[in-house]
Every structure is written in C-alpha cells, then in structure tokens.
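Given next are the chains, with one letter for each unit.
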Amino acid sequence: MASEEASLRALESLMTEFFHNCTTNERKREIEELLNNFAQQIGAWRFCLYFLSSTRNDYVMMYSLTVFENLINKMWLGVPSQDKMEIRSCLPKLLLAHHKTLPYFIRNKLCKVIVDIGRQDWPMFYHDFFTNILQLIQSPVTTPLGLIMLKTTSEELACPREDLSVARKEELRKLLLDQVQTVLGLLTGILESIWDKHSVTAATPPPSPSSGESGGDLLSSLLQSPSAAKLLNQPIPILDTESEYICSLALECLAHLFSWIPLSASITPSLLTTIFHFARFGCDTRARKMSSVNGSSQNSVLGQERGRLGILAMSCINELMSKNCVPMEFEEYLLRMFQQTFYLLQKITKENNAHTVKSRLEELDESYIEKFTDFLRLFVSVHLRRIESYSQFPVVEFLALLFKYTFHQPTHEGYFSCLDIWTLFLDYLTSKIKSRLADKEAVFNRYEDALVLLLTEVLNRIQFRYNQAQLEELDDETLDDDQTEWQRYLRQSLEVVAKVMELLPTHAFSTLFPVLQDNLEVYLGLQQFVVTSGTGHRLNITAENDCRRLHCSLRDLSSLLQAVGRLAEYFIGDVFAARFNDALTVVERLVKVTLYGSQIKLYNIETAVPSVLKPDLIDVHAQSLAALQAYSHWLAQFYSEVHRQNPEQFISLVSTALEAITPLISSKVQEKLLLSACHLLVSLATTVRPVFLIRIPAVQKVFNRITDTSAQRLPDKAQVLVCRALSNVLLLPWPNLPESEQQWAVRSTNHASLISALTREYRHLKSSAILPQRKVRLEDTKVIIHQTLSILEDTVESISGESTKSRQICYQSLQESVQVSLALFPAFIHQSDVTDEMLSFFLTLFQGLRVQMGVPFTEQIIQTFLNMFTREQLAESILHEGSTGCRVVEKFLKILQVVVQEPGQVFKPFLPSIISLCMEQVYPIIAERSSPDVKAELFELLFRVLHHNWRYFFKSSVLASVQRGIAEEQMENEAQFSAIMQAFGQSFLQPDIHLFKQNLFYLETLNTKQKLYHKKIFRTTMLFQFVNVLLQVLVHKSHDLLQEEIGIAIYNMASVDFDSFYSAFLTEFLASCDGVDSNQKNVLGRNFKMDRDLPSFTQNVHRLVNDLRYYRLCNDSLPPGTVKL
C-alpha cells in the first residue's frame, strides 16, 4: 500500500501546485503531461479508486473521476471483464458510503461516471443498474441521491452523444420508455406525500373575501368542479429545507423526462394536478414577505427556494405545452392543464386593497414571470385553435386576464414578450376569419370588445401623456440591431395597432384619429407663440412646466404620426371607395401640417430648452412628411379615379405638398428633415406620377437649384434622392394616358439637359485623365467621380424595371458619360476605390440598360475589362488591396454573370475567354486561400456559365434523341467542363460552410434542370468521387449544420445508378476506410439496407456515418497489442 499512499501524497502536492497562482504556464504544462501519462496507464484506475476513498482534496477527487470517465467512455472495450465487474461494484459502494459528505460537484460527477457505465453495460452486464436507482429513490435516506441518478440517466441515456452505435441508442431509448410509467408513478408519489404531509387543511379558517384569495366566478367556470377549485384554494404548505430540496430534484427530473417522452396516459391527471400545486409556489408573495419581515437570512433563502419550486413546476408544464403532437386521449388533460394555469393567472392578476396588480407582479420572481409568459405564448401559438372549440373554455375571460397581465408587466422585456403573444393571437384571428367566411360576424362579435380595449391601451402606452415615467426610461441613443430601445418599443406597439386595424378598420380609425387631432391642435397652435427677435424667430414658451408639457405633446404627436403612416395600407385596394372619406381627412390634415411646419420654419426656431424642444420640433416635421409619404399609394389610386372628371381636389393636395417640400431642399436644413422631404418628393415622382408635376413652379425651382453649379451642393444622400425624383418626373410614363399623349420628345430633351448639367465636371475629366495626376488634383478628381457616379447609378437603377421608352431616353442622356467612364477606367485601374465605384456603375448599366447600350458597345466594354484584368492585376487586387480590391474583382465577376445569362447568340463568343479567365487566372489565386473573398462570386459565375450555356458543353440533337430513344449527347469543351467540376469538388474540402451550401445547391439545381448527374462524363468519371467526398465530410463532422442537405445530395447522386452504388461503391468506400477492422466493415455494409426511397436511404447514410465514427472511437481506445478475434 505504501506506493499508493506515496502516489496520493505526490498527486495532492502536484494538484495544489497546479492550481497555485504563482505556478508558471510552463510548469502547468509539465504537470498536465505527467497527469495525462499517468491516466493512460493500464490499471491506473486502481490507484484512482484508492485516491477517491482516501483523500479529502477536491482536485484529486475530480482528477480521479476524470480518469474513470475517460476509461469508461473511450477504453471500456479493452478493459478485462474481471476489472469491469470490480469497477461496477466499487463505485456505487463508494457513492453510498460518502454521498452525504462529498461536495455536491464531486458527488454529481461520480453519479455521472456510474451512469456512463450503465450506458455501456445495462441491462446485459449491469442488470441491476436501473433497479438500484429505483431502490435509492424509494428509501427515504437516499431519495435525493436516487433523484440525481435518475436525472443524470435521463440526460445521458435518452439523447446520448456520438459515442454509441445507432442500434445501442435505439435499444437504450426503448429500455427507458419501458420504465417511464414506474418512474412517473414514483415521482408523483414523492411530490404528493410531501405536499400532503405539510398541508394545512381543515384546521385553518377559510380566507376572508377581502384577502383576494377567493376563487370568484371565473374560476368555477374554468374548473367546472367545486372540489378542484377548493383544492387549489388551499393555503400553500410550509416545507422544511430537506423536503424543499427533494421536491426541487423531483421537478427537475420531470422537466427533463417531459422533454423526450411522448404525451401519453403515463402522464396521469394526479401528476398534473400535483405539478400545478407546486406552480402555486411561484405566485405566493407571502413567502417573500415573511422573509423580509423576519429579516433573518435563513428565511429569505427559504422564500427564494419556494419561488424556485414554482419556476421548476412551470418548466415542467412548458415542456408538455411545447409538444405540438397531441394524441386524442391527451386532449382532456391539456384542457385541465389550461384551466389550472388560468387559475394561477387569475391569482397573480387579482387586485385587492393591499395590492395593485403591478406591485403583485413586481414581488414575484422574474424567472417565474418569464416562465409564465412562455406558457401563455405556447398556449396561444400551439394550442389555442385546439382549445377554442371547447364550449366550456372561456376564451374571452382568458383574454381579459392576459390583458391585465400584459399591461401590468414590471419590465419592458416582459411587456414586449406579452405584445408578441397578442401579435400571435391577432394573426390566428386574421387567418381564422379569412378561412371561415360564413361565421365571420360571430367571430367578430365575440372578440370585438377585447380588441378595442387592446388597441386603446397599446395607444395609451406609447403616449407620454399617459405613460411618461416608463417611456422616459427607454434609451433612444444606443443602437441595437439598427434600432434603439425606444424605436423597438414604438415599432412593436404599432404592429399590434396595425393588426387590429386590419380586423376592425372603422373602430381603429375612430380610436386613433381623435387622439392625433388633440396633439395636432397643440402643434398648430404654436404659431401664436412665435415672436420675432433680433436674431430671428423665437418660441415664447419659457415656463418649465409648459416646456415639459410641450415636449410630451410633441413626442406623442411624433408617435401618432408614425401610427397613422403605418395604417396607410388599410385604405387602398378594394376598400379604397369604402374608406375614402377617412383617408382623405388624414391626407388633408397631413398636407396642412407639413405646409405649416415649412412656412413658419419651426425647425429653425429658437426655444427656451434648445437641446430638447428643437429636436422635438424637427422630429414632428420629419414624421409628418414620412406619414404623408406612406399615403403615396393612396394618392396614386385617388389620381387614377379622378383624373378624367374633377381632379381639382387632387391637384390641390399635390401642389400644397410640394410647397411644403421645396423650402426644405436646402443644405441649411437638418439632414433628418431634408431626407424626409427628399423621400416624399421621390414618392410623388415615382408612385403618384401626376402629369402636371413638371409644370408646378415649386418643382421647377428644385430643377434650377440642382442644375445651378454655383448653388451649394446638398449632402450626398439628399443630392442622389432629389436627382432621382427629377429624373423620374421626366422618364416615367404618366399613368392613365395613352402613348401618344406622353410628350416623350420634350421630356427627352429636358432629361438630356438635366443629366448634362449634372455630369459637366465629370465629362471634362476625359481630356485630363491621360496626364499624370498630382496628389491634390487626384483627390478632387476622386470626389467628382464619386459624386457623379452615385447619381448616375441611382438614376439607372430606379428605371431598370420600367418601359423600354423610359430606358431608351435614359441611355441617350447617359451615353456620353458612359463612354467617359470607359475611357477613364484604365487610368484608375490601380486606384481600387475608384475602380470599385466604376464597376458598380457598369454593373447597374448591364443589369438595367444592356439592350439599350447595343451589342458593339457592350462588346467593347467587356473586352476592355478582360484586357485590364490580367493575372497580375487580379493578383494585386485580391492579395494586396484588402477588401476593396476583392470587391472590385467580385463586381467584375458579377458583370460577367449578367453577360453569360443573356439569351441568344450575341455574347456567346466571349464564353471561352470568360471560362479561361475564371479557371486559369482567378481560380488559381483564390483556390488555396482560406478567406471566402471572391469565391462565392466566382462559383456563381461558373454555375451561370453551365446553367445558361448548357449546349456549349452538351450538343444534343433532337433527331438523335428520336432515333435512339435516348440522346447520347456529343460532348464539347470537355476539358473546361471537367476543370469546373473539379473546382466544385475541391470547394467541398474547405471549411467555409456558406460556400459549401451554395455550391451543393448549384450542383443539385444543375441536376434538377439539366440532369447533370446522369450525363455520361459525370456518371463515369466523377459521380462516386463526389459521393465519397460528401460522405467523408459527414464522417468528419466538419459541416454538421448541412447534414440534411448532404444526405439528400448523396441520395440524388446514388439514385442515378443504385446497382453500382450498392455492388461497387459501398464496398470500395468501406474497404478504403481506415481505423476499422474487416469484421466491423462487414457489419457496416450489412446494416446499410438496399433501400431506394429517400427517407430510408438518408437514414442508412446517417447510421453508417454514426457507426463508423463509433467503431473508430472504440478501436482507438483499445490497449496497444490487443488481439481482436
């Protein structure tokens, strides 16, 4: 024993040294290596057994258990059976002897090690594994230990990891399912007996009605039985610490079991009722009160523990709720569950003298509230349609409780989660109404009051007038997912408003409009407080209280304007006529407000609190323009209805709107407001397109401002938008007018002069581009190029989907600038930022105007690019210029994608040089780089080459196919085809999962559309290489997220020739697998059934992959020199 004793002392000092904060990393590595070597020795476990029983050092115990874990999970096959028996008997004895004194983490680890043995050996060699657990649970002294073992068994055996064969995984699951009924019975018994033992029954007088605990009429209608209601009204028992602990372990076991067992009769009504009893612990605020009154730490811990029981019970309920597949016989249980949970919901939203609902919710544990909200979400999303049909289930009363619960949430996150539930409910209602047109009215009548209440309350919640304290807590500075907390709050609220509007348009409008009107009155009344001072205009409101009220009113007006804009879509289409008057009222108000803001220049006014009121005034003005923009589709429909008879009202609305816009198009106006005005102008020009727009003085003023070189240029974004609007005024066909009345000639001349003015400086660059550039001059040139190309690119993009006439005029105006761009291109080839912008412009031209550019000029552009992008230039761009350089190459490849997709013969002559550029110049540079840059675009181009130019490779004549019955195509350009396929194959060996997914999709598409896998060249020389690569990827688990897609692709490839797959490929594949012996290979081959349908085949593939990995793991763990028979 001396050597064991000495080893233990040595190990203890090593461990202490390892975890000492003065030990260097170098020394730690040495110790780690020493420990690893010790663990690898055969028989090391005997030492570890001694260490475990003889030491009090946590580190040593943890290390010893890790040695056992490694032995059992990785080397168990090679352990002699005598040793296994000894381990199986010693470890449980050790656990029983010391479980009370071991630290909890050591005890749990020891439990897991024993469960790992069961995972390997139960029931064949370790037949009493599960019986032992049941006995531990049944003996009062070891109940907690048994429950920990049970939970660990559920975790490790029901959903085991990789290191078991599929057959063993299935066997374990079946063995566990056989035990479920017994286990659930035991757990129910434990929970019930503890509850009953501590229950305070008849002795206590019934609670007085004022205490708010009495059931009330809703409860009896929910539960249908007075006894159940009485049961749930019993006071909650006070548990001692040990009972508390056992209950929490039992509930944790249940939650894990429910995550994998199917819903069935094993889950009995008495078990469900018991779980609900424990869920009441979460709503019991008295436990917390008691702890805070008595002030002792012991009591406050108790209060937390009780709350935790409630949380665990809700976790169990939610596990059951999340199962969508409900057997018929289980539906009644579900109904009972909902009834009991709504009893709880009623309990936590009950008001009485001592509590408001909100203060009651604030007292509950945050996690409990979260679980409860999850429950409500699952109820609405998964089960509502099932339950609503039960006449005894009062849905409307449930909504009333949900309403209370939602609007008394103590946190913003809680409120958001509840709004999500309402959104789910409104979606459910909308689809129900659409599918059941017959009893639509009945559904509306049932829910109308609830929806109106919801709408009113959500609207109140976004207004400072009603909810200032909460709204001021919201952050409106920090961006998270492109929106601030305040914007998210408003957006989610407005989504609910919009969904109610869709269901109840008249109600929603009559609720919202008066509120908007009230705030508008305040805003429109500001004019009387504007006074002229020496420096300009000032708002004469100075009292602190007045400023605060004005701030709140302006914030609310801004939110309500967004709400009105969000509802614009519910006034157009089929309902245009029916809701015309409401919409007209809104649009007239909006036009009035925008004009008012622009006329009295509220955005430039001086205020008493500039840091607050100025942004408010700017925001209201910007939101009024944005809201009006939302109604542009309504204006377009209005225009098409009235253009023939009396368009006066329409003309007046549009003209006034333009009067509101034009003063804002100035570099002196704040950008937020300027951009809102520009967007509205674009919508009027693009969506509404009135014929008289060009004749309105306000629009002519904007034309003059933009083409006047002496005027100060607007910020880039605004400049581009205004130019888009002006170009569209001239280019887009007028609605409701025949071709003969479109006045194309005049509009064409005007457009040419507009573009000419905008590109004057740019076109002058052509002559100077040839000279070497000075540094200062180069920067100025770059600015001109950037400004001009961003406008031209946007102009082309905005008309790319329009009629041929619009595109023709556009190209005529741009022609000279395009030629200048092509001439400048070579001069800037080494300035990747300029090349990037130029290629962006050319890409947009190719996508939108390639027909108008004509074949000769397009050829000239492509040829110029092909000449410029030499191998050296490509290498410089990709390897040395970072992301901009890569972007340049990507855009070039995108242009080529457009070219190779063009139908007809025009660009076919370029195919050979495009393919050679890809395969001989770009591909060698990027093939070996791990970076994904350029690869996705290159492979998309190769896919397009194949997909749109199939006959470049496969010439099948109709005659041949008729004569032979099946076409044996002639193959052309075979070397290029093979090189492309090889590149695809190579890409599957690289770690980039996005590229892998994209390329797999491309191959599958080529197979669906062009029967790629059936082509002779693919079938005979590539098919099984691809299958091999894909199988290896599955075995290596390098692209696990794509398991399903890879399985389907393997099936599609194998199904081309199942006979060869089963007779030749599978055998060869297994023969080439290293790390498995011939007997194991035979088993793998036998287990792969010769199924030919997709589900069975992919199941076989995944079984093969799993078992191959399992055998390799087993073989790696055998001691060296093991002889396998």
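Use the structure listed above.
As a starting point, this report considers the structure included with it. What you see is a predicted model; the values in this text were computed from it and never measured. Residue numbers run consecutively from 1 along every chain, following the written order of its sequence. Two thresholds apply to this predicted model, a pLDDT of at least 70 for residue-level local features and 80 or more for giving and counting side-chain atom pairs, whereas whole-chain, interface and lining totals are computed over all residues. Neither water nor hydrogens contribute to the side-chain values; these are computed over all heavy atoms in the structure.

**Quick notes on the overall build of the protein**
The way it works is that DSSP assigns letters per residue, a run of H or I at least four long becomes a helix, a run of E at least two long becomes a strand, and they are numbered from the N terminus. Helix and strand content of the protein: 51 helices and four strands. Projected onto the principal axes, the alpha-carbon positions of the protein cover approximately 105 × 85 × 70 Å. For the protein, contacts bridging at least 24 residues in sequence account for 75% of all contacts bridging at least 6. For the protein, the accessible surface area stands at approximately 50,600 Å², while carbon and sulfur atoms represent 53% of it. Taken together, the 107 basic and 124 acidic charged side chains of the protein have centroids lying 2 Å from each other. We call two residues in contact when some of their heavy atoms are within 4.5 Å. In this description, accessible areas are obtained by the Shrake-Rupley approach with a 1.4 Å probe, and a residue is regarded as covered only by the protein chains that are shown. Positive residues here are Lys and Arg, negative ones are Asp and Glu, while His and the chain termini are left out of the count. Where a charge sits is defined by one atom per residue type, namely NZ (Lys), CZ (Arg), CG (Asp) or CD (Glu).

**Considerations on the packing of aromatic side chains**
Geometry of an aromatic ring pair is reported as the spacing of the ring centres plus the angle between the planes. Ring geometry is summarised as follows: Phe, Tyr and Trp rings, the Trp one being its six-membered ring, pair when their centres sit within 6.5 Å, and such pairs are stacked at plane angles under 30 degrees, edge-to-face over 60 and tilted between the two. Per the counting criterion, the structure on display carries 75 aromatic pairs. Where Phe-1061 meets Phe-1088, the ring centres are 5.9 Å apart and the plane angle is 55 degrees; that geometry is what we call tilted. Taken together, the positions of Phe-1061 in helix α49 (residues 1058–1072) and Phe-1088 in the loop between α50 (1078–1087) and α51 (1094–1117) put the pair 27 residues apart, joining distant regions of the chain. Across this residue pair, the class does not change: Phe-1061 and Phe-1088 are buried. Each residue is assigned to one of three classes by its accessible area relative to the maximum for its type, calculated with a 1.4 Å probe on protein chains only: buried under 20%, partly exposed between the two thresholds, exposed over 50%.

**A closer look at the environment of His-994**
If you trace the backbone, His-994 turns up in helix α45 (residues 993–1010). A relative accessible area of 66% means that His-994 is categorised as exposed.

**Here's the deal with the packing of helix α37 (residues 832–853) against helix α38 (residues 855–868)**
With axes taken as lines fitted to C-alpha atoms, and helix axes fitted only over the stretch in contact, angles between N-to-C directions fall between 0 and 180 degrees. Across the interface, α37 lies against α38 with an axial gap of 10 Å and an inter-helix angle of 155 degrees. Judged by the angle between their axes, α37 and α38 are roughly antiparallel. As for the relative orientation of α37 and α38, their crossing is left-handed in sense. Contact with α37, carried on its side by Leu-839, Phe-842, Phe-846, Arg-850 and Met-853, involves Val-855, Phe-857, Thr-858, Ile-861, Ile-862 and Phe-865 of α38 and no other residues of that element. Here the contact of α37 with α38 is composed, by residue class, of nine nonpolar, one polar and one charged. Note that the term roughly parallel is reserved for angles under 35 degrees, roughly antiparallel for angles over 145, roughly perpendicular for angles of 65 to 115, and oblique for everything else. Whether a crossing is left-handed or right-handed is set by the direction in which the near helix is turned from the far one by less than a right angle, anticlockwise for left-handed and clockwise for right-handed. Under this grouping Gly is polar, as are all residues other than the nonpolar Ala, Val, Leu, Ile, Met, Phe, Trp, Tyr, Cys and Pro and the charged Asp, Glu, Lys and Arg.

**Digging into the state of the cysteines**
By definition, disulfides here are pairs of cysteine sulfur atoms that lie within 2.5 Å. Tallied over the entire structure, the rule returns zero disulfides. The thiol of Cys-48 is not disulfide-bonded; the next cysteine sulfur, from Cys-90, is found 13 Å away. Relative accessible area serves as the criterion here: at 0%, Cys-48 is assigned to the buried category. Of all cysteine sulfurs in the structure, the one in Cys-678 sits closest to Cys-723, which takes part in no disulfide; the separation is 9.7 Å. On the basis of relative accessible area, Cys-723 is assigned to the buried category, the value being 2%.

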